[in-house]
Amino acid sequence: MDRWKTRYAEHGLAGLDGERPGGAREQVPVWVRARVIALTRMTPPDGTGLSRWSTRELAKYLERTENVTVSWHYIARLWREESLKPHRSGTFKISKDPAFAAKVADVIGLYLAPPGGAVVLSIDEKTQIQALEGTQPVRPVAFAASEKRTADYVRHGTTNLFDALNVTTGEVLGECRPTRNGKDFLTFLKKAVKPHAGKDTHVVLDNLSTHTTPEVKEWLAKNPHVHFHFTPVGSS
């Protein structure tokens, strides 16, 4: 501080220009960083015998094949910075629905641009949920301990969750029922559309047989303001 004050006193603002402290020395060249990211985003070569990279295996591979030495700690930090998770894998399924494109356009269109003044409900069901009760009460968080739950439980059968999401407002209506059949679905459907009486209501559904029973079709015929939109087969 004394040095900079003296410079200002002797030379004015010009004295503050000139020598500046240097930045931290770059430890790993930019091209090495880019190479680590590129390899992480690719499947390991056949000769490695690996199905996916680990930080240690990637560090060994770089040193062995490209004469680049970086620590596995550096690779782990880089993965965190870039949100790279090569240890994770996903799943996919190809729909064989011949009307796939039209149904996708229909459903996505409802989500992105619902008809003016209309209500869009997305209805789904989660079945056979186990109703479990712990044999001991939950132990709350303490200064040096996390919340703990007993691994022992008592079964109270199963339940079926019906829920409807109002796509515009985000409101969710949910209800649990002991069974899941066409009658249960119709009962929940009536409850879901009741607050929107008099409005065009578009309901997005998957292709469960309970959604197209004769009772449901008969109810739809009597309520022409409710419209069903089915997702493509195998794509719910």
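In this report, we go over the structure that sits alongside the text.

## Here's the deal with the pattern of salt bridges
At step 1: Counted by the stated rule, this structure contains ten salt bridges.
At step 2: Ionic pairing is found between Glu81 and Arg33, a salt bridge with its closest N-O pair at 3.2 Å. In this pair, Glu81 sits in helix H4 (residues 72-82) while Arg33 sits in helix H2 (residues 30-40), placing the two residues 48 residues apart along the sequence.
At step 3: Overall, Arg33 belongs to the partly exposed group, its relative accessible area being 28%.
At step 4: Between Glu82 and Arg33 there is a salt bridge whose closest N-O contact spans 2.8 Å. Of the two residues, Glu82 is situated in helix H4 and Arg33 in helix H2; the sequence distance between them amounts to 49 residues.
At step 5: When its relative accessible area of 31% is taken as the criterion, Glu82 is described as partly exposed.
At step 6: Salt bridges sharing common partners tie together Arg33, Arg77, Glu81 and Glu82.

## As for the sheet that holds strand S1 (residues 119-134)
At step 1: The sheet built from five strands is open, its strands ordered S3-S2-S1-S4-S5 with mixed pairing. Looking at strand neighbours, the two that pair on one side only are strand S3 (172-177) and strand S5 (226-230), the edges of this open sheet. Going across the sheet, the axis of each strand differs from the next one's by a mean of 30 degrees, ignoring polarity.
At step 2: Two elements, S1 and strand S2 (residues 153-166), share eleven bridges in a ladder whose sense is antiparallel. Paired with Leu121 across the strands is Asn166, a residue of S2.

## Quick look at the nonpolar core
At step 1: Ranked by size, the top nonpolar core spans 18 residues in total, and within it Ile123, Phe185, Leu189, Val203, Trp219 and Phe228 carry the most contacts.
At step 2: Among residues more than four places away in sequence, those in contact with Ile123 are Asp163, Ala164, Phe185, Phe188, Leu189, Ala192, Val203, Val204 and Leu205.
At step 3: By size, the runner-up hydrophobic cluster in this structure holds 16 residues, among which are Leu58, Leu62, Val68 and Leu78.

## Examining the environment of Phe188
At step 1: If you trace the backbone, Phe188 turns up in helix H6 (residues 182-193).
At step 2: Under the relative-accessibility criterion, Phe188 is labelled buried at 0%.

## Observations regarding the side chain of Asp184
At step 1: By the element assignment, Asp184 lies in helix H6.
At step 2: We classify Asp184 as buried; its relative accessible area is 9%.
At step 3: Residue contacts for Asp184: discarding those within four places in its chain leaves Phe162, Arg177 and Thr179.

## Concerning the pairing of S2
It is a general feature of regular strands that their side chains alternate between the two faces of the sheet.
At step 1: Across six bridges, S2 lies against S3 in antiparallel orientation. Each residue of the ladder has a partner; that of Asp163, found in S3, is Gly174.
At step 2: Hairpin connection, S2 to S3: the antiparallel pair is bridged by five residues, and Gly170 has positive phi, about 85 degrees.

Calculation notes
Residues numbered from 1 in each chain as written. Predicted model: local features only at pLDDT ≥ 70, side-chain atom pairs only at ≥ 80, totals over all residues. Heavy atoms only, no water. Salt bridge = Lys/Arg side-chain N within 4 Å of Asp/Glu carboxyl O. Helix = DSSP H or I, 4+ residues; strand = E, 2+ residues; numbered from the N terminus. Buried < 20%, exposed > 50% of the residue type's maximum accessible area, 1.4 Å probe, protein only. Pairing = 2+ DSSP bridges. Axes fitted to C-alpha atoms, helices over the stretch in contact; angles between N-to-C directions. Core = buried A, V, L, I, M, F, W, Y, C linked by side-chain atoms within 4.5 Å. Contact = heavy atoms within 4.5 Å.

Coordinates in, geometry out; function isn't part of it.
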